[in-house]
Structures are given as structure tokens and as C-alpha cells.
Amino acid sequence: MGVEAHATNERVTGRRWTVRLDPVGRGRADVRVSCSRPACAAQMLPSAAAGRAAAIAHLKAHLRAGPAPRPSVHCACRAEECHTHIRPAGPRERPVPWRCGGVVVLAVITDREGRWWQVMECCSRCAAAHPTAKVVATAPAAEASARNDGLRADTAAPAAPAVPSVHAPTFSAISPHFSHSATATGTAVPQQASAPRSAARSAPRSARPTRKRPPRGRIAQRLVPHDLRPVALRDELTELGELFRAYQARTEPDLAMLADLHARKAEAFHAWAEATADTGLRLDAQRAEQAAATARLQHLHRIGQAPDGEGPAVVRLLTAPAQWKHARAVLAHVAENAPLPGAEARLLVVMVTLRTAQSGVGNLVGQDIKGLPLQDPQHLVEQLVESGWLGISGTAEELIASRPENPTRISVPSLTPDEDDPGPFTFGRKLRPKLSGWAQRVVGEKKLRKGKTGADVRLLALALATGSDGEGRLGPGGEGIGLDTLSSWCSVDPADLPDLVDRLTAADWLAEADVTGTHLTGRLTERVLPLGCPLT
């Protein structure tokens, strides 16, 4: 009888199993989801996102189907003597293990990268010691207290013969639940299940209502203590954590905003370190200062400016972001309102538009037109006059023969402002000659002239000069420019673009150029960066 009683009262170690997400092989996107339980077969998924979703679903299925935590089991950590939860110690201190205690719970532990999830039937003290643990179910409190009373009785008096219970052990009415939410790093975080309303109604009310602590903020993988003082510092750290997470969700980077966030973080972490005397916080504050300086320098380089006390990174012909936007506005207007097809007509319209953009009228001489790569400039001028887009004083032949001392007066009716229509452009009188001079420098660049490039190549040079970032990389963020956009602007067939790119590369305009099925990627060479109008 004594042997039977001992077998009945023997406590077993709590359950534990792990669901893992592992890569299948180097350079492959598919992943393997495996479970340490013997009956579970491994699954192959095409991507990490699909694997993570399958792992979470598999873990949820185990938690729904499995029994609630048993109040009479040993903590699962007991087998390892709580080595998982040994607190870190200083150089002269011995590590102190976390002692087991409290009710038995079912806890889910995960790593921050979302690569494995472990379920443990352990004591509540060990679950609380692990930073990523979430309790999904708790053993019935009544049975736990009865067990504790029994243990105290065993220590106070000699053990009586144990009688096996005729009733099956009862488990919590609350079945285990598990859910996850994607954080900024993609970590799956389990959440504790809540009791049904019926259980909440039947639970006795405590004599004194418990005060709810304010939600704890998180910043840089650190929890902001709810009792941190001053309160303004706690609120600043919480707000900064939310702003950093919102920035990570942006589709486009904003380096100026990022620099400001890092600067605020550095100041707040310095104050936090002073309040808690934590050396780690001081180091984080220094790293935030370095990150702020780096982001601010990258922003200045991207917009073509230089830090205070230094010369400009690139001395550009057009120096301000507003001027770059106006240059792009002129090219976009010409692309939408060009009166004639063809690259040569498009190039002439660009140059005439820049001469008359402010008031709709201007002066032109023969050399302005003969300096462009046009096969029959006189015939082209006549076509523009016949279309009604251009007006000249005299004939096209007289315009081609005119000299600087006797320029020809021209007008573009669509650009002439009146009381009802101020015109398509908003820049002032002083900026117009700067834009015109910039376009002439790009179109008449020395190597483009020596290479006898055509109007289509020079139009492409204009497009790339206004479509690169501060470092010369093509497209927003260096992602390239769409071939359809370039083909429409240059007024050429998309199949002809690779040849135009090769000619710009030969003229030392482009480097690392690559024409894919949809985009042109690469960067402007250092030689022509001063002619660029960076994207901001």
C-alpha cells in the first residue's frame, strides 16, 4: 500500500516542446518548420513569412488541443536547475539561480528574431524571470493551494498512508490560447488569454480595487519603467519608441527626420542614465549621437549641401532644391505640351521654353539654334511657327542668320501670362536665365559635342541629370528610372534606349549602367555631378 501511495503522489517534470523555423540551405528562400513532439512531421514552406505563419498556427493547435497545466508537476526548469534563468553576475560575484515557486503555468518563450517558440509547464516565478515569456494558462488556484497545504502538513506530521483518489484530476476551465503580433523586428509575441465572462462574474471581488499600472513603453529593445521619474522623461521615452516604430513603417526614408529622432533619443538616454546610474544607457546615448550625426550628414549629401564649416560636397550649377524642382517642372511641362513629335523638335522646344518661360517672350539668335544637333533647323522652326506654338518677328531664315547684336524677338502664346492665367511656371525673373544656362551646359557638354551625339542622347542626359539623387544614383533611392518614362521624354522607341545608354556611357556620363526589362539603373559619373539636380 505504501508503494502504491508513493507511485500515486510522485510528481513528474513539466512538459516542454519547441517549434523551430530553420533555413533549408544557403542561398535558398524556403524554410523548414519542425516540432520536437514525436508525432509532428516537418513542413517545408516557400518563404520565411509563410514559415513563421505556419509555425504560429502549429503552436496554436498544440495549445488548443493540449491539457491545461497540471498543478502537481515539478517546474520544467527543475531538470536544468534553472540554468536558463541564472541572473548575470559581476566579475567578483557568483551567479545566483532563480528559485522555483508559485503556481504552475503554461508559458510560451520566443526569441526576438522569431526563429523558435518553446512551450514550458513551469512555475510562475521562472516564467516571470524570462524576459520574453508569456503565460497562456494557469493551473487552478484551488488545487494549487490544496497542494501547498498538503505539503505543509507533510512537513509538520508523519506521513499517513495515502489513498488514491477515485476522481480524475480536474483542469482549468480556461483552455490555453496563443496569439502573436508582428513587431518591428518580426518577432512573434504570445499574448495571455482572458477568462470567459461567466468565470469573471463568479470570481469573488477583492476588498480593495487593484490599481492598473500605466502601459509600459518600449524603445531600443528596452522597457520603460512605469515608475521612472521624472514623468516627463518616461513620457518622452515612450513617445520616442512609438515614433521610431512609425518611421520603420514608412515607405520612403526621411534622413532629416531620422537625425532628429536620434538626437532626441540621445538626450533622453543621457537623462535616463543620470536617473538610474546605468552605464549601458550612457553607451546607448553615445551611439544615438553618432547615428544622428551620420544621418544628418547623409541628408546633407543627398540634397547637395555641406555641413557647417565645410565646403560643399559637390559644387552644383543649380545650388538650391527649389531650383532643381523648377528645372524638373519645365521638363515635365514640355513632355506634356510638346507641339511636334520627334527628339529634335522636343529638344528645340525645351530650349525655347526656357528662353520665354517667365513672360512668354524672349530673344533668340542663330547660334542658339545652330548649336543644337538638328539636321534641318530652319524647317523645324517653320513647323513650330505653322503649328501656332511659336511666333517670330520675321522669317525662319532670318532667325537662323541673326547675330547677337541683332537678335530675333520670339514669343510662345501658351506661356504668356494674363489676368486669368498666370502661366505654368512660378519662378521669378532672376531664376529663368539660370535655368536656361543650366540646360545649355547639359545639352552642349564638351564630350557630348565631341561625340556628335544626337538630340535623343542629349534629351536623355537632361532626364538623368534631373532624375538622380545627391550621390548620382538614378531614381529615388537609387532604384532606377522606368524605361517608359525615359522613352516618352526622349520621344524614342523603348528598344532604342540601350543604344542611347551606351553612348552616354562612352561619353563618361554614366557608370554601372544596367538596362533591365523595366528600369535603367546606374549612376552619374563624378565629372557631371555638378550638372545634376538631385531628387529630394
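Everything numeric here is computed off the predicted structure, so don't read it as measured data. (Residues numbered from 1 in each chain as written. Predicted model: local features only at pLDDT ≥ 70, side-chain atom pairs only at ≥ 80, totals over all residues. Heavy atoms only, no water.)

Within the secondary structure, Arg458 sits in helix H16 (residues 455–465). Look at Arg458: it is buried, it has no salt bridge, and the nearest opposite charge is Asp456 at 7.9 Å. Polar contacts involving the side chain of Arg458 include one to the main-chain carbonyl oxygen of Leu448, which spans 3.4 Å. In this structure, Arg458 is in contact with Gly371, Pro373, Val443, Gly444, Leu448, Arg449 and Thr453, ignoring residues within four places of it in sequence. (Helix = DSSP H or I, 4+ residues; strand = E, 2+ residues; numbered from the N terminus. Buried < 20%, exposed > 50% of the residue type's maximum accessible area, 1.4 Å probe, protein only. Lys, Arg positive; Asp, Glu negative; His and termini not counted. Salt bridge = Lys/Arg side-chain N within 4 Å of Asp/Glu carboxyl O. Polar contact = N/O pair within 3.5 Å; in protein donor to acceptor, adjacent residues only side chain to side chain. Contact = heavy atoms within 4.5 Å.)

Taking strand neighbours across the sheet as the criterion, the 3 strands line up as E12-E14-E13 in an open arrangement whose pairing is antiparallel. Both outer strands of the open sheet, strand E12 (481–482) and strand E13 (510–515), are each paired with one neighbouring strand and no more. (Pairing = 2+ DSSP bridges.)

With respect to the helices, strands and loops of the structure, Ala49 is situated in helix H2 (residues 48–65). Taking the C-alpha atoms as reference, Ala49 lies 9.4 Å from Val31; in sequence the two are 18 residues apart.

We now examine the pairing of strand E1 (residues 16–23). Two strands pair when backbone bridges link them, and E1 and strand E5 (residues 116–123) are joined in this way by 5 bridges, in the antiparallel orientation. If you follow Thr18 over to E5, its bridge partner there is Gln118. Inspection of the sheet shows E1 paired to strand E2 (residues 31–35) by 5 bridges, in the antiparallel sense. Paired with Asp22 across the bridge in E2 is Arg32.

Next up on the list: the state of the cysteines. According to the stated counting rule, one finds 0 disulfides in the structure shown. Free cysteine Cys35: the closest other cysteine sulfur is in Cys40, separated by 3.9 Å. (Disulfide = S-S within 2.5 Å.)

Our next topic: the packing of aromatic side chains. In total, this model carries 2 aromatic pairs according to the counting rule given. Between the aromatic rings of Phe269 and Trp272, the centroid separation amounts to 5.5 Å while the plane-to-plane angle is 75°, which identifies the pairing as edge-to-face. Here Trp272 and Phe269 lie together in helix H7 (residues 255–276), a separation of 3 residues that amounts to about one turn. Phe269 sits in the buried class, given a relative accessible area of 0%. Above the ring of Phe244, the side-chain terminus of Lys265 is found at 5.8 Å from the ring centroid. One residue, Lys265, lies across the ring of Phe269, its end atom 5.5 Å from the ring centre. (Phe/Tyr/Trp six-rings, centres within 6.5 Å; stacked < 30°, edge-to-face > 60°. Lys NZ or Arg CZ within 6 Å of the ring centre and 35° of its normal.)

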